[in-house]
Amino acid sequence: MKNSCLFLLTIIAISCNNDDFSTEIKLESKIVVEGWIEEGDVPQLILSSSIPVTEVIDSTNVFDHAIRSARVTVSDGQNVEVLKVKNDKDRLPPFVYYGSEIIGEEGKTYTLKIEYLNRIVSATTTIPSAVALKSAEYIKNNVADTTGYIFVKFDDPVNEKNYYQIATRLAGQEPIFVPAFYGNLDDKNFDSPKISMQINRGVLIFPKTKYKPYFTDGDLIFVKLRTMNKDALDFWNSWQNEIVNSRNPIYPSNTSLKSNINGGIGIWAGYGQSTITVRTPPKK
């Protein structure tokens, strides 16, 4: 099961092309990082260069901004691994840096280092303790309906600070987990440690089908509860704000997305995780 973020991050409005930085724009262009390590999985990373606001963004020209020749290393404090680029047809663009030796563990800190041309980009993240999903259920307003929503339940640990993200993936339709709309949660806003809430489908950039906020009979749905750090929460909230304000988050209108990357922009995040599979009634 693939676990990943959503998009080729192309955030800052500057000109760059074909995995190469020209002398003219070396001081302005940005290396953009979309990286994560999840509990029980290997580190993964997508690298790109920023895209100018004057350029039309579509599913074809994002290939021109993919970075495929960087040296990417991840350290867990004891071991250092060089990530290898692999073709992943389920991603756009289909170039992902994968680890194979270091596996995400709760409580561990992971340092990322990227060397590309004359640049060094770095970031650090920690995988927080996972919180188990108690249930995830497909519920319709009326029995005759063919669409519905997912309702989840989990217990927020008392006297423990947590930040959450709820994400879903439709088998056969979505290659990745998509953060639910308004699915980024800070437990300071909870009225009770016993959480019960409705999940709306999130927005996938360059979707193959028209976006819909609900789920449908016949769907096989994977529901994931992630725990994350404050910098990841800030990043995902800034991403969500761009969508809420009807702006394309691949280049925000007046502010950049929040970032924890030194020498670049984007996100390097560690996630705890708990996943439940939901089977909806068959289509009639």
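Digging into the packing of aromatic side chains
- Under the criterion given, the structure shown has 6 aromatic pairs.
- Aromatic side chains Phe 154 and Tyr 164 sit 5.0 Å apart centroid to centroid with 55 degrees between the ring planes, which places their arrangement in the tilted category. Pair noted here: Phe 154 is in strand S10 (residues 147-155) and Tyr 164 is in strand S11 (residues 163-170), with a separation of 10 residues, a long-range link. Exposure class is identical for Phe 154 and Tyr 164. Each is buried.
- Seen in terms of ring centroids, Trp 236 and Trp 239 are 6.4 Å apart; in terms of plane orientation they differ by 80 degrees. Their pairing is edge-to-face. With Trp 236 and Trp 239 both in helix H1 (residues 230-244) and 3 residues apart, the pair spans about one turn of that helix. Exposure class is identical for Trp 236 and Trp 239. Each is buried.
- Through pairs of rings, three or more aromatic residues link up here, namely Phe 154, Tyr 164 and Phe 190.
- The ring of Tyr 271 is capped by Arg 226, whose NZ or CZ atom sits 4.9 Å from the centre of that ring.

Focus: the confidence of the model for the chain
- Per-residue confidence for the chain gives a mean pLDDT of 84; residues scoring 70 or more make up 78%.
- Below pLDDT 50 for its whole length, residues 1-27 participates in 118 contacts with residues either more than four positions away or in separate chains.
- Within the model, the stretch residues 250-254 combines pLDDT values under 50 with 17 contacts to residues more than four positions away or in other chains.

Side note on the environment of Val 152
- Mapped onto the elements, Val 152 comes out in strand S10.
- In contact with Val 152, other than residues within four places in its own chain, are Leu 133, Ser 135, Ala 136, Ile 166, Ile 195, Ser 196, Met 197, Ile 199 and Val 223.

Some thoughts on the sheet that holds strand S4 (residues 80-82)
- Here we have 4 strands laid out as an open sheet, ordered S4-S3-S7-S8, and antiparallel in their pairing. Taken across any chain shown, the strands that pair with only one partner, and hence form the sheet edges, are S4 and strand S8 (119-126). Taken pair by pair, the neighbouring strands of this sheet meet at an average axis angle of 20 degrees, ignoring direction.
- The sheet contact formed by strand S3 (residues 71-75) and S4 spans 3 bridges and is antiparallel. Along S4, the bridge assignment pairs Val 74 with Glu 81.

As for the side chain of Thr 125
- As for its position among the elements, Thr 125 is in strand S8.
- Residue classification places Thr 125 among the buried positions, given a relative accessible area of 3%.
- A polar side-chain atom of Thr 125 sits 2.9 Å from the main-chain amide nitrogen of Gly 270.
- Beyond its immediate stretch of four places on either side in the chain, Thr 125 contacts Ile 37, Lys 108, Thr 109, Tyr 110, Asn 229, Trp 268, Ala 269 and Gly 270.

About the criteria used
Residues numbered from 1 in each chain as written. Predicted model: local features only at pLDDT ≥ 70, side-chain atom pairs only at ≥ 80, totals over all residues. Heavy atoms only, no water. Phe/Tyr/Trp six-rings, centres within 6.5 Å; stacked < 30°, edge-to-face > 60°. Helix = DSSP H or I, 4+ residues; strand = E, 2+ residues; numbered from the N terminus. Buried < 20%, exposed > 50% of the residue type's maximum accessible area, 1.4 Å probe, protein only. Lys NZ or Arg CZ within 6 Å of the ring centre and 35° of its normal. pLDDT = per-residue confidence, 0-100. Contact = heavy atoms within 4.5 Å. Pairing = 2+ DSSP bridges. Axes fitted to C-alpha atoms, helices over the stretch in contact; angles between N-to-C directions. Polar contact = N/O pair within 3.5 Å; in protein donor to acceptor, adjacent residues only side chain to side chain.

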